[in-house]
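Each chain, letter by letter, is given below.
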Amino acid sequence: MLQDIERYLACPHCAQRLALDGRTLRCPTGHSFDQAKQGYVSLLAGDAHTGTGDTADMVAARGAFLTAGHYRPIVDALAAAADRTDGLVVDLGAGTGYYLTRVLDHAGGVGAALDISKYALRRAAKAHPRIGAVVCDAWRPLPLQDGCADLVLNVFAPRNGPEIRRVLRPGGRLLLVSPTSRHLRELVAALGLLSVDEEKERRIDEKLSPWFTRTDRAEVEFRLSLSRADAAAVVAMGPNAWHTAPDVLDAALAALPEPVEVTGSVQVTTYR
């Protein structure tokens, strides 16, 4: 609910605090933002572009795949790494709110689901009674007050180091989930998908080092038994959707055994 997180929000134009007036967020200088009927609010600056956001089809594929529980080991590991809180948990690149929902159930607090895709946030706004869903651009100043968050989640999503540091309180933590080079390797080989750089973890650490210290890292590796429809959803729900020719993909999917055994492999890293 936006009521749960309004005290943490900031105007994207002037950075002043926002307050709810009915279904409209207003700042003292007169900027206003209406809540959509689906429950989210857009706090994008006027010149922002949403072309990089997940489409309705991508969101539908992700929703089906995650709801089926295929990434349950990831969400369980993420929740286990989260300390109890009665404050704000921010999910930067929240998508449908799947990961944030599990963390809120485990750790408490209220959640701000931030994403540039309104299609994703239509789902996130309804995913949990303590989630407020906000459309914003991860690469611009986040529409949040300085030092307002106890915890920031970042799962397979863009990482804006200085902005994450700004919105975290002193001693606050960032929990980051990133794929290893082994993640979905069987599908990468069979379907010609984008691969993960073996140096990814080192590069993430280096980019975040001006603002954060890594305090823990846990590898989560598990086996997935996927139908061809599940494998198609994996492609459709992420960046591969932009890079794979449909006819080539259909032929490759048809050649897969069913079920196909696939490796899931991620790092869950804690930064302070």
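Predicted model only: the values in this text are computed from it and were never measured. (Residues numbered from 1 in each chain as written. Predicted model: local features only at pLDDT ≥ 70, side-chain atom pairs only at ≥ 80, totals over all residues. Heavy atoms only, no water.)

Caption draft 1: The sheet that holds strand E2 (residues 24-26), seen in detail. Taking strand neighbours across the sheet as the criterion, the three strands line up as E1-E2-E3 in an open arrangement whose pairing is antiparallel. Among the strands making up the open sheet, the edge pair consists of strand E1 (19-21) and strand E3 (32-34). Adjacent strand axes in the sheet meet at a mean angle of 30°, parallel and antiparallel pairs treated alike. In terms of strand pairing, E2 meets E3 through three bridges, oriented antiparallel. Each bridged residue has a counterpart across the sheet, and for Thr24 the counterpart in E3 is Asp34. (Pairing = 2+ DSSP bridges. Helix = DSSP H or I, 4+ residues; strand = E, 2+ residues; numbered from the N terminus. Axes fitted to C-alpha atoms, helices over the stretch in contact; angles between N-to-C directions.)

Caption draft 2: Structural view of the packing of helix H3 (residues 72-80) against helix H4 (residues 98-107). Where H3 meets H4, the closest approach of the two axes is 9 Å, and the angle between their N-to-C directions is 40°. One finds that H3 runs oblique with respect to H4. Note on packing geometry: the crossing formed by H3 with H4 is right-handed. Judged by residue contacts, Arg72, Ile74, Val75, Asp76, Leu78, Ala79 and Ala80 of H3 engage Tyr98, Tyr99, Arg102, Val103 and His106 from H4. Here the contact of H3 with H4 is composed, by residue class, of eight nonpolar, one polar and three charged. (Parallel < 35°, antiparallel > 145°, perpendicular 65-115°, else oblique. Left-handed = near helix turned anticlockwise from the far one by under 90°. Contact = heavy atoms within 4.5 Å. Nonpolar A, V, L, I, M, F, W, Y, C, P; charged D, E, K, R; others polar.)

Caption draft 3: Quick look at the packing of aromatic side chains. Across all of its chains, the model carries five aromatic pairs by this definition. With a centroid separation of 5.1 Å and an interplanar angle of 80°, the aromatic rings of Phe65 and Tyr71 are classed as edge-to-face. Each member of the pair, Phe65 as well as Tyr71, carries the same accessibility label: buried. The structure contains a cluster of three or more aromatic residues connected by ring pairs, namely Phe65, Tyr71, Phe156 and Phe222. (Phe/Tyr/Trp six-rings, centres within 6.5 Å; stacked < 30°, edge-to-face > 60°. Buried < 20%, exposed > 50% of the residue type's maximum accessible area, 1.4 Å probe, protein only.)

Caption draft 4: Layout of the nonpolar core. In terms of nonpolar packing, the biggest core is built from 53 residues, with Tyr71, Leu78, Leu187 and Leu191 touching the most fellow members. The element that contributes the greatest number of residues to this core is H4, accounting for five residues. Leu25, Leu88, Leu92 and Leu144 belong to the second largest nonpolar core, which has 34 residues in total. (Core = buried A, V, L, I, M, F, W, Y, C linked by side-chain atoms within 4.5 Å.)

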